[in-house]
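Commentary on secondary and tertiary structure
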Amino acid sequence: MRTVLITGVSAGIGHALAKLYLSRGFRVCGISRRTPAELVDHPDMIFVQYDLTRFDGISAVVDELLNRAQIATPEILFLNAGGFGKPPQRANETSIVEFQEILAINLVAVKAVLDACLSRNERPRCVAFSASISAIRPRAGMLSYAVSKAALNALAQIYGIENPDVFFAVIGLCNVDTKVARTILQADDRFDELVALRGRATTIPGYLSSPDERARHLAAILEERAQLGLQSGRFKEIRELTHSCSN
Ligand SMILES: NC(=O)c1ccc[n+]([C@@H]2O[C@H](COP(=O)([O-])OP(=O)(O)OC[C@H]3O[C@@H](n4cnc5c(N)ncnc54)[C@H](OP(=O)(O)O)[C@@H]3O)[C@@H](O)[C@H]2O)c1
């Protein structure tokens, strides 16, 4: 049975990806802190509730999921779990603790899950990172998030060079109506660009994609990655691939 492993399945894009792949007959292995109540009873869903910032236990969690699925590795690994933290604040106002918390889930946990999968007997054909344009276009108010996503791009590029047998898709997911986006849109008047973004998001119909729509886009891009000329380990914004976003 074709299997995907997705981190962050309780909400947002990861939840939508889990629903999509289950509806397409895949087995889905999922991890998050909250239980996705409406997915866990699906016969093809294998779920472990876990805080991915507890790095030491990640290898055991990945082993448990894949052993329960009776497979050596998933076909696609979605490294999706992530967060933004508090609403936008200036860099110097961001405490070290807040900064570390975002790097922990957006970057260090990604490496830990990836290493756990790559160390198994077989390797995934494709690893998809939930990347962000903020990595290459940082905006005021977004220190922790932008730094974590910039480092994620570097991480993906290095793993891509070192592991040519695996395809590393680094797709900027762009304006999806989730907690991450809604937190960014809470920016106060000090953050002009984010205020302007909120203006577009609230006045232009369809400006924010739904998680379901974005999950379909991402799945289609991964299937068509060769035709689209996607390069392993290289960041690409989803709107350049789908023309569905317009900011
Ligand atoms: N929304 C956008 O416009 C956008 C754009 C570009 C990139 N992204 C990226 O897409 C990814 C998904 O975000 P989203 O927008 O779908 O936001 P979301 O709705 O807040 O979903 C985040 C998911 O990550 C999980 N997660 C967070 N911290 C975790 C932890 N410590 N341990 C385990 N799981 C954890 C959450 O589950 P629990 O809270 O239950 O643990 C949740 O399932 C993130 O990496 C985000 O940076 C989003």
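The preceding data block contains the structure.
What you are looking at is a predicted structure, and each value in this text was computed from that prediction instead of being measured. Each chain has its residues counted from 1, running along the sequence as written. In view of the model being predicted, local features appear only for residues whose pLDDT reaches at least 70, and side-chain atom pairs are presented and counted only at 80 or more, with totals across whole chains, interfaces and linings using the full set of residues. Side-chain numbers here rest on the full set of heavy atoms in the structure, without hydrogens or water.

Quick notes on the overall build of the protein
Let me state the cut-off plainly: Strands are runs of DSSP state E lasting at least 2 residues, helices are runs of H or I lasting at least 4, and numbering of each runs from the N terminus. Radius of gyration here is computed from C-alpha atoms only, and the compact-globule reference equals 2.2 Å multiplied by the residue count raised to the power 0.38. Relative accessibility decides the category of a residue: with a 1.4 Å probe and only protein chains considered, values under 20% of the type maximum give buried, values over 50% give exposed, and everything between is partly exposed.
Helix and strand counts for the protein come out as ten helices and seven strands. Its C-alpha atoms give the protein a radius of gyration of 17 Å, within 12% of the compact-globule value 18 Å for 247 residues. C-alpha atoms of the protein, sized along the principal axes, occupy 50 × 40 × 40 Å. Looking at the 247 residues of the protein, the share that counts as buried comes to 53%.

Quick word on the site of the ligand
Rules: In this text, near means that some heavy atom of the residue lies within 4 Å of the molecule or strand in question. In the analysis that follows, any N or O atom pair within 3.5 Å is treated as a polar contact, provided that within protein one partner can donate a hydrogen and the other can accept it, and provided that, for residues neighboring in sequence, both atoms belong to side chains. Computed with a 1.4 Å probe, the accessible areas rest on the Shrake-Rupley method; for each residue, only the protein chains presented here act as cover. The residue classification treats Ala, Val, Leu, Ile, Met, Phe, Trp, Tyr, Cys and Pro as nonpolar and Asp, Glu, Lys and Arg as charged. All others, Gly included, are polar.
Close to the ligand lie 30 residues, the nearest being Ser-10, Arg-33, Tyr-145, Val-176 and Thr-178. One of the side-chain nitrogen or oxygen atoms of Arg-33 is found 2.7 Å away from an oxygen atom of the ligand. Side-chain polar atom of Tyr-145 to an oxygen atom of the ligand: 2.6 Å apart, as the coordinates give it. Its free accessible area being 870 Å², the ligand has 94% of it covered by the protein chains. Those elements that place two or more of their residues in the shell around the ligand are α1 (12–23), β5 (126–131), α5 (143–162) and α6 (179–184). Classifying every residue of the shell around the ligand gives 14 nonpolar, eleven polar and five charged.

Some points on the packing of aromatic side chains
We apply this condition: For Phe, Tyr and Trp, where Trp contributes only its six-membered ring, two rings pair if their centres lie within 6.5 Å, and the inter-plane angle classes them as stacked under 30 degrees, edge-to-face over 60, or tilted in between. Here, over-ring charges are defined by two tests on the NZ atom of lysine or the CZ atom of arginine: distance to the ring centre within 6 Å, and angle to the ring normal within 35 degrees.
Tallied over the entire structure, the rule returns five aromatic pairs. Judged by centre distance (4.9 Å) and plane angle (80°), the ring pair of Tyr-21 and Phe-26 falls under edge-to-face. Plain terms: the ring middles of Phe-84 and Tyr-145 are 5.2 Å apart, the flat faces sit at 50° to each other, and that makes the pair tilted. In this pair, Phe-84 is assigned in the loop between β4 (76–79) and α4 (96–118) and Tyr-145 in helix α5, connecting sequence segments 61 residues apart. For the pair formed by Phe-84 and Tyr-145, the shared burial category is buried. Feature note: the residues Tyr-21, Phe-26 and Phe-78 constitute an aromatic cluster, connected by ring pairs. The ring of Phe-167 carries Arg-225 above its face, with NZ or CZ at 5.0 Å from the centroid.

Focus on the pattern of salt bridges
In plain terms, the rule: The term salt bridge refers to a pairing of a side-chain nitrogen on Lys or Arg with a carboxyl oxygen on Asp or Glu at a separation within 4 Å.
A full pass over the atoms with the stated rule returns 14 salt bridges. Between Glu-193 and Arg-139 there is a salt bridge, and its shortest N-O distance comes to 3.9 Å. Taken as a pair, Glu-193 in helix α7 (residues 192–203) and Arg-139 in the loop between β5 and α5 lie far apart in primary sequence, 54 residues in all.

Some details on helix α3 (residues 58–68)
The cut-off we apply is this: Read the arc as the range of directions from the helix axis to the C-beta atoms. Here, two residues are considered to be in contact whenever any of their heavy atoms come within 4.5 Å of each other.
Those residues of α3 not exposed but buried are Ile-58, Val-61, Val-62, Leu-65 and Leu-66. Looking straight down α3, one finds its buried side chains confined to an arc of 125°; they lie on one side. In this fold, the buried residues of α3 make contact with β1 (3–7), β2 (27–32), β3 (45–49) and α4. The positive-phi residue at the C-terminal boundary of α3 is Gln-70, with phi of around 55°.

From the geometry alone we can't say anything about function, so treat these as descriptive.
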